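# What the coordinates show
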Amino acid sequence: MPSRKFADGEVVMGRWPGSVLYYEVQVTSYDDVAHLYTVKYKDGTELALKESDIRSQSSFKHRKSQSSSSSPSRRSSRSRSRSPGRPAKGRRRSASQSREHREDKKKTLQETSLALPVFIGFLIGKPSENNTKRYNGEPESTEKNDTSCIVLEQKLKPDLEIKRVLEQYSLRSRKDDKKKEEIYSEKKTFVAVKPIEKLPSKTKELEFGGRIGTFMLMFLLPATVLYLLLMCKQDDPSLMNFPPLPALESLWDGRVFGIFLLWFLLQAVFYLLPIGKVVEGLPLSNGKKLQYRINGFYAFILTAAVLGILLYFQLELHYLYDHFMQFAVSAVAFSLALSIYLYLRSLKAPEEELAPGGNSGYFIYDFFIGHELNPRIGSFDLKYFCELRPGLIGWVVINLAMLLAEMKIHNLSMPSLSMILVNSFQLLYVVDGLWNEEAVLTTMDITHDGFGFMLAFGDLVWVPFVYSLQAFYLVGHPTTITWPAAAAITVLNCIGYYIFRSANSQKNNFRRNPADPKLANLKFIPTATGKGLLVTGWWGFVRHPNYLGDIVMALAWSLPCGFSHILPYFYVVYFICLLVHREARDEHHCKQKYGLAWERYCQRVPYRIFPYIY
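Residues numbered from 1 in each chain as written. Predicted model: local features only at pLDDT ≥ 70, side-chain atom pairs only at ≥ 80, totals over all residues. Heavy atoms only, no water.

## What to know about the UniProt feature "transmembrane region" (unreviewed entry) in the protein
The following threshold applies: UniProt positions are given in the numbering used here, feature names are shortened, and annotations may be inferred rather than shown by experiment. By the criteria applied, helices consist of DSSP H or I runs no shorter than four residues and strands consist of E runs no shorter than two, each listed in order from the N terminus.
In the numbering used here, UniProt assigns the feature "transmembrane region" (unreviewed entry) to residues 208-230, 250-273, 294-313, 325-344, 455-475, 481-500, 521-542 and 562-581. Measuring from the first to the last C-alpha atom of residues 208-230 gives 26 Å, for a span that is 91% helix and 0% strand. End-to-end, the C-alpha atoms of residues 455-475 are 29 Å apart, and along that stretch the chain is 90% helix and 0% strand.

What follows is the structure, given as structure tokens:
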């Protein structure tokens, strides 16, 4: 096996693909099988190069000194001073002939310097228009402009070639820094170079079926929610027994909509309270970091206190069950109105504040995905607020309302065991999310997706009204389970929760402090971004162990409903489809972000969610 020539971290000179130019790079890793070096250029681009395409910096310095010591001027001076007392070979030139000879030589050197950029351009494969004009002998305005243009071409030549190679090899620079305006001067003549304006980074890869798919989803998602709720109301909620459509006037209640608005405003007040720590999110495209107040768990405690007081004063919380359809319709209407407001305000947002996934230029698609990444009213972050507060805490309130409704409708002194299990499991999940609220700042919902109809509907409608499907089902279809069965389901939920929480904690702790002695047993693959990819622990078992824990918990939430109907298991099927879709997005995003390091990670960890299956 050939020995390795360059070590990790060593700064060398790497040849740019498709050219003869070498640039300073840093070696990040070496593949013993393919015998390829992974190097990182100064602009952040990470490529794999052969050893023959890499040279040490000392060799370049040596060549530079050689070339400078043997420059034409020095050679000519040495030849002229070799024998000052001896006449040159041939007849001696007169003074006028010597001047003509020097002028001809100067002209030749000027023509050579003019043609050199064109020659280099032809070597690169794409000569510039100005170079071609000079090469063909077309006149320029002044001699000063000539010299200035030569300087400009020599200055801009590396940038032009890098741009051409990036287009040829479909490479993307990891730093989208704006090109600054450069001013070149010679004596008292200044030539200003207009910077190359960066075009808006349009979203090229459309998800969810593009414009047609997202347009259909805006109707299909609300229809699915209403269909599931109507099915749960039926005595026989089988898939073949389609529920009758209710009258339109029965789906709307102004009082219910007012209560929904009051709930939204109450959570907004809790969000604005100056309690909890303030943390910074991940850097945005312009380098800025937004600040977020972490007080979701405090908002949950305050909500529980308010509900306790209202229940003490004989509040009939089962009112929520009696008008569940109206609450769902009110949430749909509010999320639609919020989405319209978000899109209209995004039209005035600066380019750097737009979402990378929702900037396609198509109205329907951008409206659905979300055009603006972090819409804020002052310090009030609308997306971050809706992500955890009204919908997630509302999910727990709905479950509690279903529990009280079951006791009232069936004249029970205490809720059924099935209802207790469903409420307990889902309460644990919500409390865990609020307690670990800071981890949400690194998810794709916050860092990549804009705030549009998709997230507004998902946070305010889908989460509270579909995730509570099991509790809503048990009110009309009571299910009796034995204690051994309840114990087995509890163990299953604990296993799923342990996988979910330990995997997320492992990842979050490693991101915060990779040098933590507690994580010394974890192995990882270094990447050009400075982060590492864990290949031991849960992340060495499957690529997305947190998703595996989610699916196991979703199954445990549905089992207390029994096996009489498949409707309670809709959540499991939906959760699997959702996580598989998210996993595909994560795979694509990580491949673009980490490059060859992600490919090495995939070879090391072949299974995505389900071990030995998928």
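## With respect to the packing of helix 6 (residues 210-233) against helix 10 (residues 324-346)
Inclusion rule: A fitted line through C-alpha atoms represents every axis, and for helices the fit uses only the stretch in contact; the resulting angles, taken between N-to-C directions, go from 0 to 180 degrees. Each angle is binned into one of four classes, with values under 35 degrees roughly parallel, values over 145 roughly antiparallel, values of 65 to 115 roughly perpendicular, and all other values oblique. Contacts are residue-level and defined by heavy atoms, with any inter-residue pair within 4.5 Å sufficient. The classification used treats Ala, Val, Leu, Ile, Met, Phe, Trp, Tyr, Cys and Pro as nonpolar, Asp, Glu, Lys and Arg as charged, and all other residues, Gly among them, as polar.
In contact at an axis separation of 11 Å, helix 6 and helix 10 are set at 170 degrees when each is read in the N-to-C sense. As summarised for this structure, helix 6 and helix 10 are arranged roughly antiparallel, according to the angle between their axes. From helix 6, Pro222, Leu226, Leu229 and Leu230 reach across to helix 10, where they touch Phe324, Met325, Ala328, Val329 and Val332. For the contact of helix 6 with helix 10, a count of residues per class yields 9 nonpolar, no polar and no charged.

## Notes on unusual backbone geometry
Not every positive phi belongs to a glycine, and Gln314 is a case in point at roughly 65 degrees. Following the sequence through the fold, Gln314 ends up in the loop between helix 8 (296-312) and helix 9 (319-322). For Asn411, which is not a glycine, the phi torsion comes out positive at approximately 50 degrees. Topologically, Asn411 is positioned in the loop between helix 12 (382-409) and helix 13 (417-435).

## Comments concerning the pattern of salt bridges
Here is the rule: Here, a salt bridge means any Lys or Arg side-chain nitrogen found within 4 Å of an Asp or Glu carboxyl oxygen.
Considering all chains together, one arrives at 6 salt bridges under this definition. A salt bridge links Glu372 to Arg345; the shortest N-O distance between them is 3.2 Å. Pair noted here: Glu372 is in the loop between helix 11 (363-369) and strand 10 (376-377) and Arg345 is in helix 10, with a separation of 27 residues, a long-range link. Taking the shortest distance from any N to any O, the salt bridge between Arg389 and Glu437 comes out at 2.9 Å. Residue Arg389 is found in helix 12, and its partner Glu437 is found in the loop between helix 13 and helix 14 (444-447); the two are separated by 48 residues along the sequence.

## Thoughts on the nonpolar core
This is how it is decided: Take the buried residues of types Ala, Val, Leu, Ile, Met, Phe, Trp, Tyr and Cys, join any two whose side-chain atoms come within 4.5 Å, and each joined set is a nonpolar core. For each residue, the accessible area found with a 1.4 Å probe, counting protein chains only, is set against the maximum for its type, and the residue is called buried under 20%, exposed over 50%, and partly exposed in between.
Grouped together as the largest cluster of nonpolar side chains are 113 residues, with contacts concentrated most on Met402, Phe465, Tyr467 and Phe575. In this view, Phe575 contacts Tyr429, Tyr467, Asp550, Ile551 and Ala554; residues no more than four positions away in its chain are not counted. Counting residues in hydrophobic clusters, the runner-up holds 16 residues, among them Phe510, Leu522, Val535 and Ala597.

## Topic: the pairing of strand 1 (residues 11-15)
Under the convention used in this document: Strand pairing follows a simple DSSP-based rule, namely that at least 2 bridges must link the two strands.
Strand direction decides the pairing type here: strand 1 and strand 2 (residues 22-31), joined by 5 bridges, are antiparallel. Across the sheet, the residue bridging to Val11 is Gln26, located in strand 2. One ladder, built from 2 bridges, connects strand 1 with strand 5 (residues 54-55); its direction is antiparallel. Paired with Met13 across the strands is Arg55, a residue of strand 5.

## Description of the confidence of the model for the protein
Quick note on the threshold: Scored between 0 and 100, pLDDT is the confidence that the predictor attaches to each residue.
Looking at the protein, pLDDT values average 78 and 76% of them are 70 or higher. Here strand 7 (residues 189-193) stands out as the least confident element of the protein, with mean pLDDT 37; helix 7 (residues 254-272) is the most confident, with 96. Within the model, the stretch residues 108-156 combines pLDDT values under 50 with 40 contacts to residues more than four positions away or in other chains. Note that pLDDT drops below 50 for residues 168-200; the model gives that stretch 49 contacts with residues more than four away or on any other chain.

## Details of the packing of aromatic side chains
Basically, it comes down to this: Stacked, tilted and edge-to-face pairs are distinguished by plane angle, under 30 degrees for stacked and over 60 for edge-to-face with tilted covering the rest, among Phe, Tyr and Trp rings (Trp via its six-membered ring) whose centres lie within 6.5 Å. The rule for a charge over a ring is simple: NZ of Lys or CZ of Arg within 6 Å of the ring centre, and within 35 degrees of the ring normal.
Taken as a whole and judged by the stated rule, the model has 42 aromatic pairs. Note on Phe264 and Phe385: the rings are 5.2 Å apart at their centroids and 90 degrees apart in plane angle, and the pair reads as edge-to-face. Separated by 121 residues along the polypeptide, Phe264 in helix 7 and Phe385 in helix 12 bring together distant segments of the chain. Its relative accessible area of 11% is what places Phe264 among the buried residues. Seen from their ring centres, Phe324 and Phe465 are 5.2 Å apart, and the 45 degrees between their planes marks the pair as tilted. Placement of Phe324 in helix 10 and of Phe465 in helix 15 (residues 453-466) is noted, with a sequence separation of 141 residues between them. When sorted by exposure, Phe324 lands in the same class as Phe465, which is buried. One aromatic cluster in this structure is built from Phe260, Phe264, Tyr271, Tyr292, Phe334, Phe380, Tyr384 and Phe385. Over the face of the ring belonging to Tyr292 we find Arg376, whose NZ or CZ atom lies 5.0 Å from the ring centre.

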